[in-house]
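Chain by chain, the residues run as shown.
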Amino acid sequence: MSGVRNYLVVTGAYWGFTLTDGALRMLVLLHFYRLGYTPFTLAFLFLLYEAAGIFANFGGGWLAARFGIPRMLSIGLSLQICGLLMLSALDPDWGAAMSVAWVVAAQGISGVAKDLTKTASKSAIKATAQQGAGQLFRWVAWFTGSKNAMKGFGFFVGGAMLQFVGFRPALWLLVALLAAVLAGVLLSLPRELGKAKASKSFKELMAKSRGVNLLAGARIFMFGSRDVWFVVGLPVFLYSQGWHYVGVSTFLAAWTIGYGGVQALAPAVVRRSDDGLSREVPEARFWAAALTAIPAAIALLLATGSAARIDVVVVVGLAVFGFAFAVNSSLHSYLILAYAGSEKAAEDVGFYYAANAGGRLFGILLSGILTQWGGLQACLWGSAAMLAACMALTFMLPVQAQERRVPV
């Protein structure tokens, strides 16, 4: 029962964090697009957010093993509060260069906060699951799916708050929410949760199993394939088609909530095995192949120019993409914990999500460049290319867990 309780506390805390993270993304994107910033500049605003996440995941996994998951979760929530307060101090009278630098710095703090919180939360699932692979897959799927549904709700909240209460008051409301979540974490979780013998050298920290390394590589391309159209390309495209802020944020919210719902239900869609890998890995290969074809098909439909409402074509096509992507993402989130060593799960998870942040960084950069160069169609072709690389790495995944290469 203590394991279930801790799992619920961590899940609730990450819900609160993710709501603010999604709202912040919409607030920054739509506010600065309204001010006339180009697609590439909009992408640039988020680059440090993702770049900081790479290092935060590496360090966060090691720190969670050394100092415990609750402490790192609390630090992540506190940093997000600092980032929101810093962003609220933005002065409209500053020049463009100063404003961009300030926002990038604030987003960098939020990027560190997000990935410290994510690594701590995902590691807590490994530490609290006590009934084998079946429970682990169900808990991971529910955690990941509900978290993404909450992020989608955050997109809607961000767009709505920007339209109805304004940029700065919205940030203050998010700070108040996170302060309450932080208090709950400090009062509820045992301090020793997730503590283990941390790696003593960089070589030891990087000594991952083949499964972890391949899955991390696949994760780079999979999440890059989503963010290359999702972060800048799609919102700018929908806005250019006459959609309003609330309409754009509502679709992004609905897409993300639906995506989260499919993730939560993935254990019912995926064939399961007693050992936790022999069927799950082939399922990951199948879904990776299916996903690769979808953005290419949407791009081809856009190239024909035959549709009367191209925005409808995009919305329907990306709904199909979201279903396949959600199953893939849920499988990957489970497999990293299946491959991770139990003694240093936090470090393995941190390594994996550092790769995730690297993929998002790459995807965001390309999203700005490709949107400015060729619009959403170019973004979709970039997505298809990255998914082909993801599929190739997924077909190389081992069907059994392996130990680290370096004894610890």
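Visitor: Residue-level account of the overall build of the chain, with values.
Guide: Scanning the chain from terminus to terminus reveals 14 helices and zero strands. Taking all 408 residues of the chain together, the buried fraction comes to 59%. If you take every contact in the chain between residues at least 6 apart in sequence, the share linking residues at least 24 apart comes to 87%. Of the roughly 15,300 Å² that the chain leaves accessible, carbon and sulfur atoms contribute 68%.

Visitor: For the packing of helix α9 (residues 210-230) against helix α11 (residues 245-269), give the residues involved together with the corresponding values.
Guide: Running from amino to carboxyl end, α9 crosses α11 at an angle of 160°, the nearest separation of the two axes being 13 Å. Looking at the two axes, α9 sits roughly antiparallel to α11. Of the two possible hands of crossing, α9 and α11 adopt the one that is right-handed. Contact with α9, carried on its side by F223, R226, W229 and F230, involves L252, W255, T256 and Y259 of α11 and no other residues of that element.

Visitor: Got a sec to walk through the environment of A357? Specific residues and values, please.
Guide: Relative to the helices and strands, A357 is located in helix α14 (residues 345-394). Overall, A357 belongs to the buried group, its relative accessible area being 1%. Taking C-alpha positions, A357 is 9.0 Å from Y49, a pair spaced 308 residues apart along the chain. Residues within four places of A357 in sequence aside, it is in contact with E50, G53, I54, N57 and D115.

Visitor: I'd like to hear about a nonpolar patch on the surface, residue by residue, with values.
Guide: A surface patch of nonpolar side chains, amounting to about 310 Å² of accessible area, comprises F40, F44, L365 and I369. Of all the secondary structure elements, the ones that give two or more residues to the nonpolar patch are α2 (39-45) and α14. Tracing the backbone through its elements, the reader meets L365 in helix α14.

Visitor: Please set out the pattern of salt bridges residue by residue, giving values where relevant.
Guide: Tallied over the full model, the rule gives five salt bridges. The residue K151 makes a salt bridge to D21 at a minimum N-O spacing of 3.7 Å. Of this pair, K151 sits in helix α6 (residues 132-164) while D21 sits in helix α1 (residues 2-34); the two residues are 130 residues apart in sequence, bridging distant segments of the chain. Between R309 and D311 there is a salt bridge whose closest N-O contact spans 2.7 Å. Each of R226, D227 and R360 takes part in one network of salt bridges that share partners.

Visitor: So, the confidence of the model for the chain: which residues are in play, and what are the values?
Guide: Model confidence for the chain is summarised by a mean pLDDT of 81, while 86% of its residues fall at 70 or above. Mean pLDDT across the secondary structure elements of the chain bottoms out at helix α8 (residues 202-205), with 56, and peaks at helix α12 (residues 280-304), with 91. Segment residues 404-408 is flagged for pLDDT under 50; beyond a separation of four residues in sequence, or across chains, it makes 16 contacts in the model.

Visitor: Outline helix α10 (residues 233-240), listing residues and values.
Guide: Among the eight residues in α10, six count as buried, and that is most of the element. All of the buried residues in α10 are G233, L234, P235, V236, F237 and L238. Directly beyond the C-terminal end of α10, a positive phi value near 100° is found at G242.

Conventions we followed
Residues numbered from 1 in each chain as written. Predicted model: local features only at pLDDT ≥ 70, side-chain atom pairs only at ≥ 80, totals over all residues. Heavy atoms only, no water. Helix = DSSP H or I, 4+ residues; strand = E, 2+ residues; numbered from the N terminus. Buried < 20%, exposed > 50% of the residue type's maximum accessible area, 1.4 Å probe, protein only. Contact = heavy atoms within 4.5 Å. Areas by Shrake-Rupley, 256 points an atom, 1.4 Å probe, with all protein chains shown as cover. Axes fitted to C-alpha atoms, helices over the stretch in contact; angles between N-to-C directions. Parallel < 35°, antiparallel > 145°, perpendicular 65-115°, else oblique. Left-handed = near helix turned anticlockwise from the far one by under 90°. Patch = residues over 30% accessible without salt bridge, like charges linked within 9 Å, V, L, I, M, F, W, Y side chains within 5 Å. Salt bridge = Lys/Arg side-chain N within 4 Å of Asp/Glu carboxyl O. pLDDT = per-residue confidence, 0-100.

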